[in-house]
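Examining the three-dimensional arrangement
Read off the chains here:
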Protein chains: 2
Amino acid sequence: MTAADARARLVLSLVTEPGDPRLVELLRGTTPVDVVRALEAGRRHPGVSDAWRERFARADVLVERAREAAEAAGLRWVVPGDRDWPRGLEDLDHLDPLHGATGCPLGLWVRGEASLGELTRHAVAVVGTRSCTSYGATTASELAADLGDTGFTVLSGAAFGIDAAAHRGALAVGRPTIAVLACGADADSPRAHAALLRRIVDAGGLVVSEQPPGQVPIRARFLSRNRLIAAMTVGTVVVEAARRSGSLNTLHWADRLGRPTMAVPGPVTSAQSVGTHQAVRDGKAVLVTEHRDVLAELGLGPEAAGPGRPEGHGHESPGRRTLDALSWDRALPLQEVADRAGAAPGETAAVLAALAAEGLAVQVDGRWLLHQRADAT
Amino acid sequence: MTAADARARLVLSLVTEPGDPRLVELLRGTTPVDVVRALEAGRRHPGVSDAWRERFARADVLVERAREAAEAAGLRWVVPGDRDWPRGLEDLDHLDPLHGATGCPLGLWVRGEASLGELTRHAVAVVGTRSCTSYGATTASELAADLGDTGFTVLSGAAFGIDAAAHRGALAVGRPTIAVLACGADADSPRAHAALLRRIVDAGGLVVSEQPPGQVPIRARFLSRNRLIAAMTVGTVVVEAARRSGSLNTLHWADRLGRPTMAVPGPVTSAQSVGTHQAVRDGKAVLVTEHRDVLAELGLGPEAAGPGRPEGHGHESPGRRTLDALSWDRALPLQEVADRAGAAPGETAAVLAALAAEGLAVQVDGRWLLHQRADAT
């Protein structure tokens, strides 16, 4: 793609609301460059609304402002055709709007140095309710850790609760993870997750958004953001969801895209599992209890090892082995954790420190315990 | 049916192993009376094995002994055609053997005064693992209580764990429940459940078996007993089951009978839910989370009130209302329980005493708490 195309897409993304279904219609018969040229020439263009034309009058200012904010935050603008562009997003162009949004984004703002295209080559969405239980958080972390160890990149929304637990699970086993935001990719949103988002980027993961830098999150943007999580992954797993949880919206997008939809069960006494159970009962999701079930739904078979880790080749990561070595109810000395994990105490100490930073392990009187806060920064 | 038929069936049940598939073959072309006549006349009869003929030599002694034991324990012998005979058992005659058993029983020994035919007119099986969790026990009790309140009789196997919890849930709301045993109906099996079985009978329920009085339970008889639980009910719910739990065998019988099969999910971290989750994943059971889901699977629709209680007509029982008034974490004085239940303190005190006897409520320092032991007598 040319610089002109990238710039035209940027301009259009700034004078419209990303996800507006009219953009799909507009670009069906023409290119972003042609639309912008017509606007620059003051010509009417079929499919361009008056509001967009009005906003276009300020296009240069908007572009300048976005570029400055992006540079300050270290964001880059990625468009279809770039080597970095993820597969799957174009499938959205064939879907009718849901809650007022559809379509492939004009482009994506990306924070982090990794290749978005590379990281999403094998990616699974792990999402769920903000107000999760500690059971849900633990399950999401473990699932994300195991999917990470299998070679998948875990995508989620960086929200409180299940989303954060999923990101942390991937980080705990040293695997990159991608947070897709409903606001600008420069924002630390939610604010309490600033450190989490930083760790995601530092660990070789990415923070992604179709919204311009500085854009604020509103309900409609969370809903349109969900379509990107579903479209950039080969399947979506919902870990906990109350009756009308927004995470079921991501499941719905995955279903409409023809991607496998999965739900983790929980106690029937838990309001946070009502939505997942209902999805299974309604045939909207397949029940999965662990990463092997997810692999099976992705057509990788019960014996499949997944796409395989770039490094490690199917061996469990030190993070995963150390997690498995810890216990909920009995604090262990470092030496015993190392023995159980089959690793040297020095390496294990470093891994435990990393797990503690993710809130997955805790040190009590010099001994180590498995720990999962329902939601921790 | 005639007394001769009832006696011939009794004789055959004593000289064979109930559930032996050869009995289905034998009675396809003839009647129990004709078979016994042939044996009495010393004639060979097609389908009658040498072992059966040998045992038949002692038939009079066996009948006498069974009658004495039955009289002592207050058992009666019910056969097909009796007003008391439950519907559905004949469907077993069309099924191939599973673990060496199939077919409608020759007759059933029944302990208790209620009509087996009447109680099984609307009956649901609630079964599960012996080594249940307290979550499973609570869920089974609540489900049975709600199904009881809806007008269903709960059938189960009186085993430790989920079975006992299901019986107790029905008892707690003052509804009859039926225990189907793998040994003689005169036995208190398991011994620790002697009081439970007595309460079942005292509360207008029944203890039932196809095995002669005095017969001991062995693994094969548990498996053949399961077919009766599945066949006497309109659907089977498994609450907790480990990977190869015997309760999945009941589910399998229900499935083969074309009756709805249902499974309650639980935490994916619980070994006691592995079997139920697997059954859902394999399409062998539909996920249900509460009695309304069960009603829906039984074709009674989401708004259905079930068959309706003979008395009470859809109103919740005092037991159910009192259970709902109690809390897990805050002990309440009698007056507050009564207020919450919308009942007089005198009535509520009596109900609480009954709930305490079932291990569902506990009194601490004069206040009342919800209580569920994983397994209690």
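For the structure, check the block above.
Only a predicted model underlies this, so the values are computations on that prediction, with no experimental measurement involved. Every chain is numbered independently, its residues counted from 1 as its sequence is written. Just so you know, chain letters begin at A and ligand numbers begin at 1, following the order they were written in. Confidence filtering applies because this is a predicted model: local features only for residues at pLDDT of at least 70, side-chain atom pairs given and counted only at 80 or more, and all residues used for totals across whole chains, interfaces and linings. Computation of side-chain values: all heavy atoms of the structure, hydrogens and water removed.

1. Concerning the sheet that holds strand 5 (residues 177–180) of chain B
Residue and element names in this part refer to chain B. Test applied: Pairing between strands is defined by DSSP: at least two bridges between them are needed. Secondary structure elements follow DSSP: runs of H or I no shorter than four residues count as helices, runs of E no shorter than two count as strands, and numbering proceeds from the N terminus. In what follows, residue pairs with any heavy atoms lying within 4.5 Å of each other are defined as contacts. Axes here refer to lines fitted to C-alpha atoms; in helices the fit is confined to the stretch in contact. Angles between the N-to-C directions go from 0 to 180 degrees.
The strand order across the open sheet formed by 9 strands is 1-2-6-5-4-3-7-8-9, and the pairing between neighbours is mixed. Of all strands in the sheet, those bounded by a partner on one side alone are strand 1 (75–78) and strand 9 (286–287). Pairing geometry for strand 3 (residues 123–127) and strand 4 (residues 153–156), over 3 bridges, is parallel. Bridging from a neighbouring strand, A123 pairs with T153 of strand 4. Running at roughly 150° to strand 7 (residues 236–238), helix 11 (residues 247–256) makes contact with strand 3, strand 7 and strand 8 (261–263) of the sheet.

2. With respect to the side chain of A:D146
Structurally, A:D146 can be placed in helix 7 (residues 134–150). Residues contacting A:D146, with those up to four places away along its chain left out, are A:H291 and A:R320.

3. Some thoughts on the relation of the copies chain A and chain B
The line we're drawing: Here the copies are matched by least squares. The fit uses the C-alpha atoms of residues with pLDDT of at least 70 in both.
Mapping chain A onto chain B calls for a rotation angle of 179° and an axial translation of 0.1 Å; the resulting RMSD is 0.1 Å. What we have between these two chains is a two-fold relation. Here 100% of the contact residues of chain A are again contact residues in chain B; the copies associate through an equivalent surface.

4. Regarding the interface of chain A and chain B
The cut-off we apply is this: What counts as buried area is the accessible surface, traced by a 1.4 Å probe, that two parts surrender upon association, with contributions from both included. Salt bridge, as used here: a side-chain nitrogen of Lys or Arg that lies within 4 Å of a carboxyl oxygen of Asp or Glu.
The interface of chain A with chain B comprises 18 residues on the first partner and 18 residues on the second. Roughly 1,400 Å² of surface becomes buried between chain A and chain B when both sides are summed, with 67% attributable to carbon and sulfur atoms. Considering only the surface of chain A that becomes buried against chain B, A:V268, A:R281 and A:L287 emerge as the three largest contributors, covering 46% of it. Viewed at the interface, chain B and chain A are joined by 4 salt bridges.

5. Structural notes on the pattern of salt bridges
Rules: Exposed residues in this analysis have more than 50% of their type's maximum accessible area, buried residues have under 20%, and partly exposed residues fall in between, with area computed by a 1.4 Å probe over protein chains only.
Counted under the stated rule, the structure contains 44 salt bridges over all chains. Linking A:R22 and A:D20 is a salt bridge whose minimum nitrogen-to-oxygen distance equals 2.9 Å. Residue A:R22 is classed as partly exposed on the basis of its relative accessible area, which comes to 42%. Using a relative accessible area of 12% as the deciding quantity, one classes A:D20 as buried. With a closest N to O distance of 3.0 Å, B:E142 and B:R320 form a salt bridge. Taken as a pair, B:E142 in helix 7 (residues 134–150) and B:R320 in helix 14 (residues 318–325) lie far apart in primary sequence, 178 residues in all. B:E142 gets classed as partly exposed once you look at its relative accessible area, which sits at 27%. Take B:R320: its relative accessible area is 3%, and that puts it in the buried class.

6. Digging into helix 9 (residues 194–202) of chain A
Residues and elements named next belong to chain A. Heads up, the condition is: What the arc describes is the spread of directions from the helix axis to the C-beta atoms.
Along helix 9, the residues that are buried comprise A194, L196, L197 and I200. Here the buried residues of helix 9 occupy an arc of 165° about the axis, which is enough to place them on one side. In the segment just after helix 9, G204 is the residue with positive phi, at about 90°.

7. A few points about the packing of helix 8 (residues 162–172) of chain B against helix 9 (residues 194–202) of chain B
Residues and elements named next belong to chain B. To keep it simple, the criterion reads: Left-handed describes a crossing in which the near helix is turned anticlockwise from the far one by less than a right angle; the clockwise case is right-handed. For this classification, Asp, Glu, Lys and Arg are treated as charged, while Ala, Val, Leu, Ile, Met, Phe, Trp, Tyr, Cys and Pro are nonpolar and the rest, including Gly, are polar.
Contact pair helix 8 / helix 9: the axes reach a minimum separation of 11 Å and the direction vectors enclose 35°. Remark: the crossing between helix 8 and helix 9 carries left-handed chirality. Mapping the contact onto sequence places A164, H167, R168 and L171 in helix 8 and L196, R199 and I200 in helix 9. By residue class, the composition of the contact of helix 8 with helix 9 is 4 nonpolar, 1 polar and 2 charged.

8. Here's the deal with the side chain of A:T16
All names here are of chain A. Note the cut-off: The term polar contact refers here to a pair of N or O atoms within 3.5 Å; inside protein, the definition further demands a hydrogen-donor-capable atom paired with an acceptor-capable atom, and it admits residues adjacent in sequence only when both atoms are side-chain atoms.
Tracing the backbone shows T16 in the loop between helix 1 (3–15) and helix 2 (21–26). In this structure the side chain of T16 is engaged in a polar contact, spanning 2.6 Å, whose partner is the backbone oxygen of L12. What T16 contacts, discounting residues up to four positions off in sequence, is L23, W52 and L106.

9. Examining the environment of A:T120
Residue and element names in this part refer to chain A. Looking at the secondary structure, you find T120 in the loop between helix 6 (116–119) and strand 3 (123–127). Residue classification places T120 among the buried positions, given a relative accessible area of 7%. Between the alpha carbons of T120 and V79 there is a distance of 15 Å; along the sequence they are 41 residues apart. In contact with T120, not counting residues within four places along its chain, are P86, L155, I178 and M232.

10. Observations concerning unusual backbone geometry
In terms of backbone geometry, most residues other than glycine have negative phi values and most peptide bonds are trans. Residues A:S189 and A:P190 are joined by a peptide bond in cis, for which omega reads -5°. Inspection of the secondary structure puts A:P190 in the loop between strand 5 (177–180) and helix 9. Residues other than glycine seldom take positive phi values, yet B:H99 does so here, at roughly 50°. Inspection of the secondary structure puts B:H99 in the loop between strand 1 and strand 2 (108–111). Here the phi dihedral of B:A158 falls at roughly 65°; this positive angle occurs in a residue that is not glycine. Turning to its location among the elements, B:A158 is positioned in the loop between strand 4 and helix 8. Given a relative accessible area of 0%, B:A158 falls into the buried group.

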